Amino acid sequence: MTGQEIVVENPDIIEVDINSEVLPCKNTINLLNLGLISDENVNTPTVLLILNQHIDIGQLFIKLWQNSSIRVCADGAANRLYDFFQDDEERLKFIPDYIIGDLDSIKEDVFKFYQSLNVVIIKQTTQYSTDFTKCVNLISVHYNSPSFREYIQQNKSEKNHGIELESGIHQLYNEMIQNIESVGTIPCINLMVINGIGGRFDQTIHSITQLYLLKRQDPYFQMSFITNTDIIILIPKGGTMLEFDSKFRQKCIGNCGLLPIGEPTTIIETCGLKWDVKHWDTNISSGKVSSNNRFVGQDRCYFYVKDDLVLNIEIFLDNIIEYI
């Protein structure tokens, strides 16, 4: 689809009401339902995945933990979880369900602490996948293979819970996929990831690649990265309505950016941004990127994009902790 490139500056608050006969709207993403709040009416499970960087989101971490169905540490992230608390009395309130990785980063005393509490600790020595991928495959198997959970319980006393050391989780994941008629039939899982952005630049880029990879291979994941400054998600190609509470928009979020990190693309149309665009070609190498934009839609914003792109949303940490 081609047309004249248009940029429109909107008032600070507008109603977003698109004509679905003209503009497609295949996808709906509710910011608060990603796992920021606990809603008994939402049946989607939420997983908190902790990666191996310093936990710097303060009390928001506690809120995310409480809103999660299961919590997974990627190898040395167990050290970060342990160090987040001052004493064992507090640590005992926040016990992860799984620790997985090649286990070259977890400290011995931390390993023994969580092992004594019967945390499922799974060693996977393969270097052909990252700890991130090992975690995601584990989460997939946990929710979509009831026999896996039963097997873990039956093999508590076995070395590595009976799971093959090199790449047993990947093997179980592949078996799970083969036994499912269509990946598209797997129920959605909210995956909130902390400590994935920041630190070493290559690790940040690897984290961003997972947004694209999961969209292609495991589309049942709705993944978001939570940092002390941003929520980062993928806006899939086609039409997407992003929903949020109006008070949440006013108090908790600020600027946003539409980032064509995967490939150059065209933003066919947006509705609900301060600077809405139509037929707007965007790519990193040209420097033509919609950054420092913001939401002015009362409670939603619409994106119609030719290809997947990354959306970062600025958050005000203190306000969001109070809000949720």
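Whatever comes next refers back to the structure up there.
What you see is a predicted model; the values in this text were computed from it and never measured.

**Section: the sheet that holds strand β3 (residues 46-50)**
Inference 1: The 10 strands are arranged β6-β5-β4-β3-β7-β8-β9-β16-β11-β14 in an open sheet whose pairing can be described as mixed. This sheet does not close on itself; its edge strands, each paired only once, are β6 (120-123) and β14 (290-294). Across the sheet, the axes of successive neighbouring strands diverge by a mean angle of 20°, strand direction being ignored.
Inference 2: Sheet strands touched by helix α5 (residues 131-144): β3, β4 (70-74), β5 (98-101), β6, β7 (189-194) and β8 (221-226). Its angle to β4, the strand with the most contacts, is close to 155°.

**Section: the packing of α5 against helix α6 (residues 146-154)**
Inference 1: Here α5 crosses α6 at 100°, and the two axes come no closer than 5 Å. For the element pair α5 / α6, the angle class is roughly perpendicular. Counted together, L138, V141, H142, Y143 and N144 of α5 and P146, F148 and R149 of α6 form the full contact between these two elements.
Inference 2: Here the residues of the contact of α5 with α6 are counted per class, giving 5 nonpolar, 2 polar and 1 charged.

**Re unusual backbone geometry**
Inference 1: Of note in this structure, D75 is not a glycine but carries a positive phi near 50°.
Inference 2: Along the chain, D75 turns up in the loop between β4 and α2 (77-84).
Inference 3: Given the relative accessible area of 1%, D75 is considered buried.
Inference 4: Its identity as a non-glycine residue notwithstanding, N292 has a phi of 55°, on the positive side.
Inference 5: Tracing the chain through its elements places N292 in strand β14.

**Let's talk about the sheet that holds strand β1 (residues 6-9)**
Inference 1: A sheet is described by the order of its strands in space; here 6 strands give the open sequence β1-β13-β12-β15-β10-β2, paired in mixed fashion. Edge positions in the open sheet fall to β1 and β2 (27-30), since each of these has one partner strand only. The sheet shows a mean angle of 20° between the axes of neighbouring strands, taken without regard to direction.
Inference 2: Note: β2 against strand β10 (residues 238-243), 4 bridges, orientation parallel. Paired with N27 across the two strands is T240, which belongs to β10.

Definitions and cut-offs
Residue positions are given per chain, counted from 1 along the sequence in the order it is written. Only residues with pLDDT of 70 or above have their local features reported here, since the model is predicted, and side-chain atom pairs are shown and tallied only from 80 upward, although totals for entire chains, interfaces and linings are computed over all residues. The basis for every side-chain value is the complete set of non-hydrogen atoms in the structure, without hydrogens or water. Two strands are counted as paired when DSSP detects at least two bridges linking them. Here a helix means four or more residues in a row that DSSP labels H or I, a strand means two or more in a row labelled E, and each is numbered from the N terminus. Every axis in this analysis is a line fitted to C-alpha atoms, fitted for helices over the stretch in contact. Angles between the N-to-C directions lie between 0 and 180 degrees. In what follows, a contact means two residues having at least one pair of non-hydrogen atoms within 4.5 Å. Roughly parallel covers angles under 35 degrees, roughly antiparallel covers those over 145, roughly perpendicular covers 65 to 115, and oblique covers all other angles. In this classification, Asp, Glu, Lys and Arg are treated as charged, Ala, Val, Leu, Ile, Met, Phe, Trp, Tyr, Cys and Pro as nonpolar, and every other residue, Gly included, as polar. Exposed residues in this analysis have more than 50% of their type's maximum accessible area, buried residues have under 20%, and partly exposed residues fall in between, with area computed by a 1.4 Å probe over protein chains only.

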